[in-house]
Amino acid sequence: MNTEERIPRHVALILDGNGRWAKKRGLPRTMGHKEGCKTVEKTVEIAARMGIEYLTVYGFSTENWKRSSEEVGALMQLFRYYMVRLLKIAKQNNVRVKMIGDRRRFDEDIIEGINRLERETKENTGLTFVIAVNYGARDEITRAVSRLAADCVQGRVKAEEITEDVLSSYLDTAGMPDPDLLIRTSGEIRLSNYLLWQLAYTEIYVTDCLWPDFNEEELKRAVVQYNKRERRFGGVK
Ligand code: IPE
Ligand code: IPE
Ligand code: MG
């Protein structure tokens, strides 16, 4: 990557392949998740250094509850542990942390941990690190429409005045720019219910690299690819 490359303002990430990474090594899937958490930590530091403004990672989807109770339980334990570490890393790197998704489904102590992370980092002015947990785009849009409908009934919003911006302001990502670049690791070419509204014109980059193996070089490779794309937003260039 040379110094002339444009740095995408907002990078969205689907971190996939923890299970396959573990399987390849004859390890339980949870070991892949543990390693994946370390990679998240490193990626936050790299993104902050590169001058990316927003990094949004998909940590746990509304569909991931379908996994075995052992795996879901292990993921919850990892959250508990990494939320504390993340607070330290965020403070060291001037990172503001925000969570999107429906946190109400988590245990009380996890909800408190999420609230604390947001509260104690909200004045930071560097990278905004967004974690999507119990996140599903259809769930997000449904919750948004439900609140919007309630506001219409209350007379706070008029139905004929609803614009794309109004609907956007009801989403969990209110106030954030749309992602410029989406990176998915592990080779799957699908969105898996991630940011369906926000990714309308995002450039998509898929790498075969399994998430625990993701590193600075991989991120830079994605940025180089992004720079080769011509973004048209429906127009003609
Ligand atoms: C991504 O890795 C992490 C989560 C979805 C929580 P996976 O657990 O999906 O790994 P694979 O896709 O089975 O390899
Ligand atoms: C997407 O990965 C969700 C997260 C990365 C949290 P999945 O592994 O759950 O997606 P599918 O099942 O391959 O579509
Ligand atoms: Mg997967």
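Shown above is the structure to which this text applies.
Let me begin by describing the structure that accompanies this report. Throughout, a residue's number is its position along its own chain's written sequence, starting from 1. Chain A is the first chain written and ligand 1 is the first ligand written, with later ones labelled in order. Reporting of local features is limited, given that this is a predicted model, to residues whose pLDDT is at least 70; pairs of side-chain atoms are given and counted only at 80 or more, and all residues count toward the totals for whole chains, interfaces and linings. Note: side-chain values were computed over all heavy atoms of the structure, leaving out hydrogens and water.

1. As for the pattern of salt bridges
Then comes step 1: The salt bridge criterion pairs a side-chain nitrogen of Lys or Arg with a carboxyl oxygen of Asp or Glu, the two atoms within 4 Å. Applying the stated criterion across every chain, the model contains 26 salt bridges.
Then comes step 2: A salt bridge links E188 to R20; the nearest nitrogen and oxygen atoms lie 3.0 Å apart. You can see E188 sitting in the loop between β5 (181-184) and β6 (203-206) and its partner R20 sitting in helix α1 (residues 18-24), a full 168 residues away along the chain.
Then comes step 3: The buried label applies to any residue whose accessible area, calculated with a 1.4 Å probe on protein chains only, is under 20% of its type's maximum; exposed applies above 50%, and partly exposed to all values in between. Relative accessible area serves as the criterion here: at 36%, R20 is assigned to the partly exposed category.
Then comes step 4: Here R80 and D109 are joined by a salt bridge, their closest N and O atoms 2.6 Å apart. Pair noted here: R80 is in helix α3 (residues 69-92) and D109 is in helix α4 (residues 108-121), with a separation of 29 residues, a long-range link. Secondary structure is summarised from DSSP: a helix means a run of H or I of at least four residues, a strand means a run of E of at least two, and numbering begins at the N terminus for each.

2. Concerning helix α2 (residues 29-50)
Along an α-helix, a turn takes 3.6 residues, which lines up residues three or four apart on a common side.
Then comes step 1: What a helix should span is 1.5 Å times the count of its residues minus one. With 22 residues, α2 should cover 32 Å at 1.5 Å per step; its first-to-last C-alpha distance of 31 Å lies within 8% of that length.
Then comes step 2: Three or more residues of α2 are buried, namely G32, H33, G36, C37, T39, V40, E41, T43, V44, I46, A47 and M50.
Then comes step 3: Contacts are assigned to residue pairs that have any heavy atoms within 4.5 Å of one another. Of the surrounding elements, those touching the buried residues of α2 are β1 (10-14), α1, β2 (54-61), α3, β4 (128-135) and α7 (216-228).

3. Quick look at the site of ligand 2
Then comes step 1: Around ligand 2 lies a shell formed by I14, L15, D16, Y58, G59, F60, S61, N64, R67, R184, R190 and S192.
Then comes step 2: A 3.5 Å cut-off defines polar contacts: any pair of N or O atoms within that distance qualifies, except that in protein one atom must be a possible hydrogen donor and the other a possible acceptor, and neighbouring residues in sequence count only when both atoms are side-chain atoms. Within the side chain of D16, one N or O atom sits 3.2 Å away from an oxygen atom of ligand 2.
Then comes step 3: Separating an oxygen atom of ligand 2 from a side-chain N or O atom of N64 is a distance of 3.0 Å.
Then comes step 4: Reported accessibility uses the Shrake-Rupley method at a 1.4 Å probe radius. Residues are deemed covered only where the shown protein chains occlude them. Protein contacts shield 79% of the accessible area of ligand 2, which totals 380 Å² for the unbound molecule.
Then comes step 5: A total of four residues in the shell around ligand 2 trace back to one element, the largest contributor, which is β2.
Then comes step 6: Per-class residue counts for the shell around ligand 2 are four nonpolar, four polar and four charged. One heavy atom suffices: a residue is near a molecule or strand as soon as one of its heavy atoms comes within 4 Å of it. Three residue categories are used. Nonpolar comprises Ala, Val, Leu, Ile, Met, Phe, Trp, Tyr, Cys and Pro, charged comprises Asp, Glu, Lys and Arg, and polar comprises the others, including Gly.

4. Considering the packing of aromatic side chains
Then comes step 1: Between 30 and 60 degrees the pair is tilted, below 30 it is stacked and above 60 it is edge-to-face, where a pair is any two Phe, Tyr or Trp rings, Trp via its six-membered ring, whose centres lie within 6.5 Å. By the definition in use, this model includes ten aromatic pairs.
Then comes step 2: Centroid distance Y201 to F233: 5.6 Å. Interplanar angle 50°. Geometry classified as tilted. With Y201 in the loop between β5 and β6 and F233 in the segment after α7, the pair connects residues that are 32 residues apart, well separated along the chain.
Then comes step 3: Put simply, the rings of F60, W65, F79 and F106 pair up and form one aromatic cluster.
Then comes step 4: Here the guanidinium or amino end of R105 rests over the ring plane of W65, the centre of that ring lying 4.1 Å away. Consider the ring centre and the ring normal. A charge sits over the ring if Lys NZ or Arg CZ is within 6 Å of that centre and within 35 degrees of that normal.

5. A few points about the packing of α2 against α3
Then comes step 1: The geometry of α2 relative to α3 is characterised by a closest axis approach of 10 Å and an angle of 25° between their N-to-C directions. By the angle class used here, α2 and α3 are roughly parallel. The two elements α2 and α3 cross, and the hand of that crossing is right-handed. Residues R29, T30, H33, K34, C37, K38, E41, V44 and E45 of α2 pack against E71, A74, L75, L78, Y82, R85 and I89 of α3.
Then comes step 2: Looking at the contact of α2 with α3, its residues break down into seven nonpolar, two polar and seven charged. Only the stretch in contact is used when a helix axis is fitted, and all axes are lines through C-alpha atoms; the angle between N-to-C directions ranges over 0 to 180 degrees. Small angles under 35 degrees read as roughly parallel and large ones over 145 as roughly antiparallel, with 65 to 115 read as roughly perpendicular and the rest as oblique. A clockwise turn of the near helix away from the far one marks a right-handed crossing, whereas an anticlockwise turn of less than a right angle marks a left-handed crossing.

6. Quick word on the packing of α2 against α7
Then comes step 1: Taken N-terminus to C-terminus, the directions of α2 and α7 make an angle of 45°; their axes are 10 Å apart at the nearest point. Considering the angle they form, α2 stands oblique to α7. α7 is crossed by α2, and the crossing has right-handed handedness. Of α7, the residues touching α2 (which contributes I46, R49 and M50) are E216, L219, K220 and V223.
Then comes step 2: Tallied by class, the residues present in the contact of α2 with α7 amount to four nonpolar, no polar and three charged.

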